[in-house]
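Structure assessment
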Amino acid sequence: MENKVVKFGGSSLASAAQFEKVGAIIRKDKSRRYVIPSAPGKRTPDDTKVTDMLYSCYGHAILAYDDEEKDEQMECFEELLMLIKARYQSIIDGLGLSISLDKEFSVIRQNFLAKIGRDYAASRGEYLNGKILAEYLGYTFIDAAEVIFFDDNGNFDAETTDRVLSERLAKVERAVIPGFYGSKADGSVKTFSRGGSDITGSIVAKAVHAEMYENWTDVSGFLITDPRVIDNPKPIDVITYRELRELSYMGATVLHEDAIFPVRKEGIPINIRNTNAPEDKGTLIVEATCQKPRFTITGIAGKKDFASITVEKAMMNAEVGFCRKVLEVFEENHVCIEHMPSGIDTMTIFVHGEEFEEKEQNVISGIHRAVSPDVLELESDLALIAVVGRGMRATRGTSGRIFSALAHANINVRMIDQGSSELNIIIGVSNHDFEGAIKAIYDIFVNTQI
């Protein structure tokens, strides 16, 4: 029997109306056998996510042990817990279900007051939503704490998880497994970082050897660039894991990065879909593809607020170990390096401005001691933009088109760095040219190609 793993984000499960959309999507395709729900998200822009409510509620439970504020904190705790319960009850009532969460909330109340831990508190959002969704679909509910494991140090135990999860799901035709959490050897609940339901879905997809991992959210896949910069940018139909990695690194966020690796290892494609527009095909994320991209580029992403350190020294190319000595200075000061374009007698290091500011004088003096440069220059308020696309390899003049577009927009290029894979080109510009540069690149590769 074919099987797909489907994960639904918080906005997809924020209300009874959204649950009904999710139910229709799952029932439309019988291969959607394993479902990973998030906790209820915001119903309106000014609403509060259930996970945030749980964190706040648990905080009041902790403070309730302070004698001076005990009564006030207990009152806030009880009030918030009732609001959370009412949130779930509104979903249950809206769906016409007869399930009761009284017993679950009684246990949660007891555990919160026993200070069981923030991870447990946060995980209850997914746990309770999973209970309701399993009841609504008629699927088996499997507590993630029983099948997803972490070691004593809180690191994910992939081997044990895959073995136990595979065995458990082999006996279940259709199941709901809450996202975001698992358990340690002592039985205590441990969560992934926020956005961890994506990771749970990927782990389940690997365990059941899924044909597809569908990740349903509130957007119809990836867009070529940030819609806050470009109005209604075109969607990306197909993107490779490598392209996704490059864009994610430069700030493009739709999928939790750690969710990529379990399925990539198994060659399982990921489909980013929109719960509110299920007819949209979304974006397919694959290991490799022969499909030609619609445009020369796949995507454009970038970040502001970098700083550059340019080291200049005559005949530096003849000095063995010069680059290593410079880089060791950054390592000793715990400063991460983003990019390092170089010339015959110069090398430039790009770093995050905020991280570098505290340590800039230590780095400067360290470089002087290490290599005695002729000139050392600092520059701040720089932005880096990544132009990514597997189609660039087979297309001549990509760099030339970028330079031409930026020159036409009166934008000065401070740096350009092309990887040997010809998959991406990194351009450095001033912060104030960031949006203009993205618009110029998008226009030359997308608007003029349509």
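See the structure above.
Residues numbered from 1 in each chain as written. Predicted model: local features only at pLDDT ≥ 70, side-chain atom pairs only at ≥ 80, totals over all residues. Heavy atoms only, no water.

For helix α7 (residues 197-207), a buried count of eleven out of eleven residues is recorded, marking the element as mostly surrounded by other parts of the structure. Listing the buried residues of α7 in full gives Ser197, Asp198, Ile199, Thr200, Gly201, Ser202, Ile203, Val204, Ala205, Lys206 and Ala207. A positive backbone phi angle near 50 degrees is found at histidine 209, which sits one or two residues after α7. (Buried < 20%, exposed > 50% of the residue type's maximum accessible area, 1.4 Å probe, protein only. Helix = DSSP H or I, 4+ residues; strand = E, 2+ residues; numbered from the N terminus.)

Under the criterion given, the structure shown has one cavity of 30 Å³ or more. Of the pockets and cavities examined, the largest cavity occupies roughly 30 Å³. Of all the elements in the fold, those that place two or more residues in the lining of the largest cavity are α3 (70-95) and α4 (102-113). (1 Å grid on protein atoms, 1.4 Å probe; cavity = no way out; pocket = protein on both sides within 12 Å on 5 of 7 lines; lining within 4 Å. Points joined across faces, edges and corners; volume = space filled by probe spheres on them.)

Among all positions of helix α13 (residues 398-408), only Thr398, Ile402, Ala405 and Leu406 are buried. Projection of α13 onto a plane perpendicular to its axis shows the buried side chains occupying an angular sector of 95 degrees, all on one side. Of the exposed residues in α13, those oriented more than 90 degrees away from the buried face are Ala407 and His408. Elements in contact with the buried residues of α13: β13 (375-388), β15 (424-430) and α14 (434-447). (Arc of directions from axis to C-beta. Contact = heavy atoms within 4.5 Å.)

Moving on to the packing of helix α6 (residues 158-170) against α7. The N-to-C vectors of α6 and α7 enclose an angle of 65 degrees; their axes lie 9 Å apart at closest approach. The pairing of α6 with α7 is recorded here as roughly perpendicular in orientation. In the crossing of α6 with α7, the sense of the turn from one axis to the other is right-handed. Of α7, the residues touching α6 (which contributes Thr161, Asp162, Leu165, Ser166 and Leu169) are Ile203, Val204, Lys206 and Ala207. Here the contact of α6 with α7 is composed, by residue class, of five nonpolar, two polar and two charged. (Axes fitted to C-alpha atoms, helices over the stretch in contact; angles between N-to-C directions. Parallel < 35°, antiparallel > 145°, perpendicular 65-115°, else oblique. Left-handed = near helix turned anticlockwise from the far one by under 90°. Nonpolar A, V, L, I, M, F, W, Y, C, P; charged D, E, K, R; others polar.)

Right, let's talk about the sheet that holds strand β9 (residues 270-274) for a bit. One open sheet holds the eight strands; their spatial order is β3-β4-β2-β1-β7-β9-β10-β8, and the pairing between them is mixed. The strands lining the two open edges of the sheet, one partner per strand, are β3 (140-141) and β8 (238-240). Relative to strand β10 (residues 283-286), β9 is paired through three bridges, and the arrangement is antiparallel. Looking at β10, one finds that asparagine 271 is bridged to leucine 284. (Pairing = 2+ DSSP bridges.)

By the definition in use, this model includes zero disulfides. Cysteine 57 provides the cysteine sulfur closest to cysteine 76, a residue in no disulfide bond, and the two sulfurs are 9.9 Å apart. Since its relative accessible area comes to 28%, cysteine 76 is described here as partly exposed. With no disulfide of its own, cysteine 323 lies closest to cysteine 336 among cysteine sulfurs, the gap being 18 Å. (Disulfide = S-S within 2.5 Å.)

We now examine the sheet that holds strand β12 (residues 346-352). The strand order across the open sheet built from five strands is β12-β11-β13-β15-β14, with neighbouring strands paired in antiparallel fashion. Single-partner strands in this sheet number two, and they are β12 and β14 (415-418). Taken pair by pair, the neighbouring strands of this sheet meet at an average axis angle of 35 degrees, ignoring direction. Here strand β11 (residues 299-312) runs beside β12; their pairing, made up of seven bridges, is antiparallel. Considered in β12, the bridge of isoleucine 309 is made with isoleucine 349. Seen against the sheet, helix α8 (residues 241-249) touches β11, β13 and β15 and runs at an angle of roughly 65 degrees to β11. Along the sheet, helix α10 (residues 322-332) makes contact with β11 and β12, crossing β12 at roughly 20 degrees.

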